[in-house]
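Coordinates in review
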Amino acid sequence: MPSTLKLSQRETAFNNEVVTRFELYNSLFQTLPFYQVKDTGILLPFFSSHCEKEANKQLSPSAIIESFFKKYVPDIDHREQINRMFRFIQYIERQVVLFDAIEDSSFSKIGRADDAGTLQSLLQHAAVSEQARNDISQKLKEFSLRLVLTAHPTQFYPGTVLGIMTDLIEALKTNDINTIDVLLQQLGKTPFFNKTSPTPVDEAISLAWFLENIFYYAISGIRSKLEEEFDIDVDTNKQILELGFWPGGDRDGNPNVTTDTTKAVASFLRQRVFRCYYRDFRVLKRRITFRGVESAMAQLEMLIYNNANKQPDDKDLQPEILGLLQSIKQTLIADHDSLFVKVVDDLIRKVSLFGCYFATLDIRQDSRILRKVFNYTTEQVDTGIVAGYENFDEQGKLSNISFKEVDFYCPDDADKMICDTLNTIRLIKQIQKTNGEKACQRFIISNCQQASDILQLIDLFLWSGWEKDNLSVDFMPLFETVNDLKSAAQVMESLYTHPFYKEHLAKRGNLQSIMLGFSDSTKDGGYLMANWSIYQAKVELTAMARKYGIALAFFDGRGGPPARGGGKTHRFYASMGEEIANDHIQLTIQGQTVSSQYGSIETARFNMEQLINAGIVSALHPNRNDLLDTRHKELITSMADESYKLFLALRQHPLFVEYLEKFSPLKLLSHINISSRPTKRNSDSSLKLEDLRAISFVTSWSQLKQSIPGFYGVGTALNKMKQEGNWDEIKELYNSSGFFKTMVDNCTMSMSKSDFRVTAYLEKDKKFGQFWKMLKDEFELTKAMLLELTGSTVLMQEYPVERRSIAIREKIVLPLVIIQHYALQCLNHSTDEELTKIYNKLVIRTVYGIVNAGRNLA
């Protein structure tokens, strides 16, 4: 009963705080004369209503658009119709920002249905007894949370718009109508997209906005609360909260990331964190005006100011700054009644957390590139690698890797990719010297398939000026495909038992990080198989690490939507049973996940606290139901296999790629100026599914409003269970297993963002009719099975506020979806070169708003 009451209170609060205020401010918004087109705002409600009504009749996008202009604006020609559509897009893009801002400003009043899982609930648990407090303190000493910001191209809001959103959220909290009015006008005149594609350095600068404005305060705030309540070490080497950063370091499939890029980003991050310190130092300087600290304060000011501007030191200054701050603190305690010690402690905490680097810059490269670099280097210099090595089997390679130190400099005339790899390996050493070891100490090998991929990379380090005894780098395999996940444990056993690697790991504290990719495994095997393959791989990898006494950290490559590992992330970690290492939670946050979950200090703190709580509570009070028994594993394996068969058949369907190319904006994603990264790996070749980036694959389906990667095969798998008489067991599994429930609930979230009305006209298409019907039938089957399994009458019935939020967003964005599909229909029949360019632009412009409205669509 209490939970039902709580839900109804949340719904009421949502209606009052979000829905009503959106309607109010939206009406104000629509009267603003953007771009000298005064009647666009007046026409838009009619257009939105028309799209909704005609989509219900399952009319084609062309019929919907044509009938609208015939009814409401009959006296304009086709080009002026297109012009009006561009104006509609501009309005709708900004409506999405308004809705985001209103929802975020209401966060504290609405909360979340599962807001029990925050720091507050951890404190309540600690208050039960001294033993409980000690248990949590001990667990916090072993636990860490690392959020890694990636440069994947789904963060569509530029820094200027993020700034307006931040101010708008604050104004909305107090309903400051004058400020809101001015900010909406500013929003109307601020461009939403780049005229040219950003460079990797531009991407770094864009994402650093969150470091500087959100994480700097949120992380230190959480750390302060934990220090206050629990007995934890204040140690710069062991942090509970850590940040990672990929822009400028991730070169997998992105030829635009070079050694110079990495150097520039490392330098930028260093300067940016010193600017944050300087802001805080100025507050400190206004308060610490006493005798006995003048010299230390003057030194501190000079150090911080110089490094915040254009005169950086070429060494890690963290120990020196902390030493000066500690001496100031001691003087305040000894001579000045501890006055303003908390202000000093705040800066000490931040410098301990962020050092001279702000976030660890991860380096990532594909194993195929690294093998090429390895072979090249063995041909250029005596590395101790025997002739014919590349033809050896895996065991032969493991026995013959030399680990010989050679100071080889790559010649300038070598292949660009080879030069970049070897020069970057040298650069890592320099970054560690200037910014501190933590600034750049992780090398991720994507598409890792064998132990030699890791050991050969170690050789590349030893051939580039690094020494065996001072190899301060963690080597991290990334297992992505379903097959690679199956063999991951064997690969790691080969490493754990290899004498050199065993010794290296011991020097690194016997902690091994392993990255698992949700996106590629979903593209490879479908939703159920991807989730289950990763779960099984985690169980096997944990058992293998425990066998050899290795501490394990899983680094989850998660995107925004469930199809790419997103969804209710904290629940996923809370549901890890004892079979899976969960002392260290590491995950990527990217695209709309950054702005939707970490767009304000309040929401960032909430989401980080939930993850900390999930890690601590699942360790201290493991739910026995989260430990899947043999029968449960058999059932899930059977479902995963069934859904995999169906998904594989879909992927191999002769119309699969053509359908995506023709009816989604897939071919045009590379023209969207939001990323330095190509949409596929071999960007010069024709489109092949294996080369297509998972992010482009998932984004294309979300634009189609079909969310295939998030549900396809689930209905067939569940139906098989029912036909075979296992339905009661599946229902029991859903009600008892946190892992299975989270997987099912995230699937329903994906489906809630699907809308087959938009493409219903394809059912009558001679070529694609049957293919479309096959997708729709699986959607309907999955929906029916999920409703029966969850005992619901509508999808996401258990989460009414989230369901309502999605429904409003989908309604706002429906006109964009209709415009996009109209333009795609026009493109499929256009012979006019000029009009083709305009249609392309129309499609591209709609992508921004659709993804932004979805918040975790890509």
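Residues numbered from 1 in each chain as written. Predicted model: local features only at pLDDT ≥ 70, side-chain atom pairs only at ≥ 80, totals over all residues. Heavy atoms only, no water.

What to know about the sheet that holds strand E3 (residues 360-361)
Quick note on the threshold: Strands qualify as paired when DSSP identifies two bridges or more between them. Where helices and strands are cited, they refer to DSSP runs of H or I of at least four residues and of E of at least two residues respectively, numbered from the N terminus. For this analysis, residues touch if any pair of their heavy atoms sits within 4.5 Å. To obtain each axis, a line is fitted to C-alpha atoms, and for helices this fit is confined to the stretch in contact; angles are then taken between N-to-C directions over 0 to 180 degrees.
Pairing is parallel across the open sheet formed by 9 strands, whose spatial order is E3-E2-E1-E9-E8-E7-E6-E5-E4. Edge positions in the sheet fall to E3 and strand E4 (363-366), since each of these pairs with one other strand and no more. In the packing of helix H25 (residues 601-620) onto the sheet, contacts are made with strand E1 (144-149), strand E2 (241-245) and strand E9 (584-589), and the angle to E1 comes to roughly 140 degrees.

A few points about the confidence of the model for the protein
What counts, and what does not: Known as pLDDT, the predictor's confidence for each residue is given on a scale from 0 to 100.
Residue-level pLDDT values for the protein average 88, and 90% of them are 70 or greater. Here helix H21 (residues 518-525) stands out as the least confident element of the protein, with mean pLDDT 70; E3 is the most confident, with 98. In the predicted structure, residues 1-5 sits below a pLDDT of 50 and forms 0 contacts with residues beyond four places in sequence or in another chain. pLDDT under 50 marks residues 560-567. Its contacts with residues more than four places away, or in other chains, come to 45 contacts.

Comments concerning the nonpolar core
This is how it is decided: Buried Ala, Val, Leu, Ile, Met, Phe, Trp, Tyr and Cys residues that are joined via side-chain atoms within 4.5 Å together make up what is termed a nonpolar core. Only protein chains enter the accessibility calculation, which uses a 1.4 Å probe. A residue is then buried if its area is under 20% of the maximum for its type, exposed if over 50%, and partly exposed in between.
Judged by nonpolar contacts, the single largest core of 272 residues is most densely connected at Phe215, Phe443 and Met608. Looking at this core, the element that brings in the most residues is helix H33 (residues 800-827), giving 14 residues. The contacts of Met608, once residues within four sequence positions are left out, are Leu145, Leu147, Phe215, Ala218, Ile219, Ile222, Leu241 and Tyr598. Core analysis: the second largest hydrophobic core is formed by 7 residues, Trp246, Ile444, Met476 and Phe555 among them.

Overview of helix H22 (residues 527-547)
It helps to recall that an α-helix has 3.6 residues per turn; residues three or four apart then point in one direction. Keep this limit in mind: An expected span of 1.5 Å times one less than the residue number is assigned to each helix.
The terminal C-alpha atoms of H22, which comprises 21 residues, lie 30 Å apart, in line with the 30 Å expected from a rise of 1.5 Å per residue. When you tally the buried positions in H22, you get 16 out of 21 residues, the bulk of the element. Count one or two residues on from H22 and you reach Gly549, which has phi positive near 70 degrees.

Side note on the environment of Gly849
Mapped onto the secondary structure, Gly849 falls in helix H34 (residues 833-854). Separated by 760 residues in the primary sequence, Gly849 and Ile89 place their C-alpha atoms 7.7 Å from one another. With residues up to four places along the chain from it excluded, the contact list for Gly849 reads Glu93, Val96, Val813 and Leu816.

What about the pattern of salt bridges?
Heads up, the rule is: Salt bridge, as used here: a side-chain nitrogen of Lys or Arg that lies within 4 Å of a carboxyl oxygen of Asp or Glu.
The final tally for this structure, using the stated rule, is 59 salt bridges. Glu609 is the partner of Arg605 in a salt bridge, and the nearest nitrogen-oxygen pair spans 3.5 Å. Of this pair, Arg605 and Glu609 both sit in helix H25, 4 residues apart, roughly one helical turn. The class of Arg605 is partly exposed, set by a relative accessible area of 26%.

Details of unusual backbone geometry
Notably, Ser338 is not glycine yet its phi reads approximately 60 degrees, a positive angle. Tracing the sequence through the fold places Ser338 in the loop between helix H13 (318-335) and helix H14 (341-354). Its relative accessible area of 36% is what places Ser338 among the partly exposed residues. For Ser707, which is not glycine, the phi torsion reads 45 degrees and is therefore positive. Tracing the chain through its elements places Ser707 in the loop between helix H28 (694-703) and helix H29 (714-723). The buried category is assigned to Ser707, whose relative accessible area is 9%.

So, H29
Within H29, burial applies to Val714, Gly715, Thr716, Ala717, Leu718 and Met721. On its buried face, H29 is in contact with H22, helix H26 (630-651), helix H30 (727-736), helix H31 (738-752) and helix H32 (769-790).

Notes on the environment of Ile550
Along the chain, Ile550 turns up in the loop between H22 and strand E8 (551-557). On the basis of relative accessible area, Ile550 is assigned to the buried category, the value being 12%. Sequence-wise, Ile550 and Leu505 are 45 residues apart; in three dimensions their C-alpha atoms are separated by 8.6 Å. In this structure, Ile550 is in contact with Tyr496, Leu505, Asn510, Gln512 and Ala545, ignoring residues within four places of it in sequence.

So, the packing of aromatic side chains
What counts is decided by this rule: Aromatic pairs are defined between Phe, Tyr and Trp rings, using the six-membered ring for Trp, whenever the two ring centres lie within 6.5 Å; interplanar angles under 30 degrees are classed as stacked, those over 60 as edge-to-face, and all others as tilted. Definition used: whenever NZ (Lys) or CZ (Arg) falls within 6 Å of the ring centre and also within 35 degrees of the ring normal, the charge is taken to sit over that ring.
Considering all chains together, one arrives at 40 aromatic pairs under this definition. Centre to centre, the rings of Tyr216 and Tyr277 are 6.3 Å apart; their planes meet at 50 degrees, and the pair counts as tilted. Remark: Tyr277 occurs in helix H11 (residues 259-287) and Tyr216 occurs in helix H10 (residues 200-229); sequence separation between them is 61 residues. When sorted by exposure, Tyr216 lands in the same class as Tyr277, which is buried. Ring geometry for Tyr535 against Phe739: centres 4.2 Å apart, planes inclined by 40 degrees, an arrangement best described as tilted. Placement of Tyr535 in helix H22 and of Phe739 in helix H31 is noted, with a sequence separation of 204 residues between them. With a relative accessible area of 3%, Tyr535 lands in the buried category. An aromatic cluster is defined as three or more aromatic residues linked by ring pairs; in this entry it consists of Phe46, Phe47, Phe68, Phe69, Tyr72 and Phe88. Across from the ring centre of Phe86, 5.5 Å away, lies the NZ or CZ of Lys841, which sits over that ring.

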